[in-house]
Amino acid sequence: MKGKVLATMMMCIALMATAQVKVMNPDDYKAGKAIDKVRYRIHYDMKYVNDTTLLDSLSHYISKTEAMRLDIGEQGITSFYSYICWRSDSIVGEAYKRGERSFQTKGEIGWKLFKHYPKRGEYAWLDGISTERYVCTEKAEEPTWTIVADSTAEVIGNPCQLAVTDFRGRRWYAWYTDDIPISEGPWKLCGLPGLILRAYDEQHQYEFECTGMKPVTQDTAIEYKGEKYDAIDKKTLEKLYRRYYSDPVGYVTSNPNIKVIVKDEYGNQIKMPAKPYNPIER
């Protein structure tokens, strides 16, 4: 394919540049149900590889980076999500309240992960594809870690120790600190004697690096919207992901209210190829 791909579509879809298409509607910008109060807020940079065939001159994967946030509630509920998407939705939501329209550059990580909600001991994975919104619940499984003796590192000024686990189809390495006795971490990585500040899989296709943390003293809620989403099991959701990534335009335009025209820089209509798919869980 020559030149830059241009996408023109109805309903203001931010399409091919992002990891996944989500047709936004006003409900997406409304506040969710308050399910806990934030006690701690931890920020991570998440580096991830969409296309495992793309390597640089040193044979390193070409990755992207998204700012993520882990909120830990007073009742133990946690929420892990894209800070970039949250900030964009907050700005647009305030504009909607004023009767205005605002379009913000969103991040690429549209999913949100909740732990210990809607039930204790469960995960709730929230995501959207095109106009659909899904919630997938499953048992919250803690990784079984092996702590590496005599391993030391420092992450944002905190002494850390290394632990290793095979979890959800990848081998993970995590650096945690006893100085912060919170048994949590990014994504589904948890269960160590302290907070995980750095983690990466063996192939460095997914990496998490803590960039800051703080206790939250003001009244800040962990919000949940999954009650309005369609419940779906993990196997079916995975099939939808694969169907979408194999033919993104075909998936989106299966909705008769959406029209997508993809053109090259010369104005010629072209077929959009499949998108690379490298999920964090295998």
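Everything quoted here is computed from the prediction, not taken from an experiment.

K.L.:
Explain the overall build of the protein chain to me, and be specific about the residues and the numbers.
P.N.:
Helices and strands together make up the secondary structure of the protein chain, namely three helices and 16 strands. When each of the 282 residues of the protein chain is scored for burial, the buried share is 47%. Taking as baseline every contact in the protein chain between residues at least 6 positions apart, the subset at least 24 positions apart corresponds to 61%. Just so you have it, the protein chain exposes about 14,900 Å², and 50% of that area is on carbon and sulfur atoms.

K.L.:
Account for the pairing of strand S10 (residues 158-167), naming residues and giving values.
P.N.:
Each regular strand shows side chains that alternate between the opposite faces of the sheet. For S10, the buried fraction is high: seven of the 10 residues fall into the buried class. Judged from the two bridges that link them, strand S8 (residues 146-147) and S10 form a sheet pairing that is antiparallel. Within the sheet, the bridge partner assigned to Thr-146 lies in S10 and is Val-164. The pairing of strand S9 (residues 153-155) with S10 spans three bridges and is classified as antiparallel. Opposite Glu-154, over in S10, you have Pro-159 as the bridge partner. What sits between S9 and S10 in their antiparallel hairpin is a turn of two residues, with Ile-156 showing a positive phi close to 40 degrees. Hairpin remark: S10 followed by strand S11 (residues 170-177), antiparallel, with two residues in the connecting loop; positive phi at Arg-168, about 55 degrees.

K.L.:
Run through the side chain of Lys-188, naming residues and quoting values.
P.N.:
Note on placement: Lys-188 falls in the loop between S11 and strand S12 (195-201). The exposure class assigned to Lys-188 is buried, which follows from its relative accessible area of 2%. In terms of polar contacts, Lys-188 uses its side chain to reach the side chain of Glu-138, at 2.7 Å. Setting aside residues up to four positions removed in sequence, Lys-188 forms contacts with Leu-113, Tyr-123, Glu-138, Pro-143, Phe-167, Arg-168, Lys-234 and Glu-281.

K.L.:
Residue-level account of helix H2 (residues 234-246), with values.
P.N.:
Helix length check: H2, at 13 residues, gives a terminal C-alpha distance of 18 Å against a target of 18 Å (1.5 Å per residue), a fit within 8%. Where H2 is buried, its residues meet strand S6 (122-129), strand S7 (132-139) and helix H3 (248-252). Where H2 begins, one side-chain oxygen reaches toward the backbone nitrogen of Lys-235, 3.2 Å away; that side chain belongs to Asp-233.

K.L.:
Could you give an account of the nonpolar core, naming the residues involved and the relevant values?
P.N.:
One recurring pattern in soluble globular proteins is that nonpolar side chains are buried together. Ranked by size, the top nonpolar core spans 52 residues in total, and within it Phe-80, Trp-111, Trp-187, Leu-189 and Phe-208 carry the most contacts. Residue contacts for Trp-187: discarding those within four places in its chain leaves Phe-80, Trp-111, Leu-113, Trp-125, Phe-167, Arg-168, Trp-172, Phe-208, Ile-280 and Glu-281. Listed in part, the 12 residues of the second largest apolar core include Ile-35, Tyr-117, Ala-124 and Val-135.

K.L.:
So, the pattern of salt bridges: which residues are in play, and what are the values?
P.N.:
Under the definition given, this model contains 17 salt bridges. We note a salt bridge from Asp-219 to Lys-37, for which the minimum N-O separation is 3.9 Å. Taken together, the residues span a long stretch of sequence, with Asp-219 in the loop between strand S13 (206-215) and strand S14 (221-224) and Lys-37 in strand S2 (residues 33-48) at a distance of 182 residues. Taking relative accessible area as the criterion, Lys-37 reaches 41% and is therefore assigned partly exposed. Salt bridges sharing partners connect three or more residues here, namely Glu-138, Glu-141, Arg-168, Lys-188, Lys-234 and Glu-281.

Calculation notes
- Residues numbered from 1 in each chain as written.
- Predicted model: local features only at pLDDT ≥ 70, side-chain atom pairs only at ≥ 80, totals over all residues.
- Heavy atoms only, no water.
- Helix = DSSP H or I, 4+ residues; strand = E, 2+ residues; numbered from the N terminus.
- Buried < 20%, exposed > 50% of the residue type's maximum accessible area, 1.4 Å probe, protein only.
- Contact = heavy atoms within 4.5 Å.
- Areas by Shrake-Rupley, 256 points an atom, 1.4 Å probe, with all protein chains shown as cover.
- Pairing = 2+ DSSP bridges.
- Polar contact = N/O pair within 3.5 Å; in protein donor to acceptor, adjacent residues only side chain to side chain.
- Expected span 1.5 Å × (residues − 1).
- Core = buried A, V, L, I, M, F, W, Y, C linked by side-chain atoms within 4.5 Å.
- Salt bridge = Lys/Arg side-chain N within 4 Å of Asp/Glu carboxyl O.

By themselves these figures say nothing about function.
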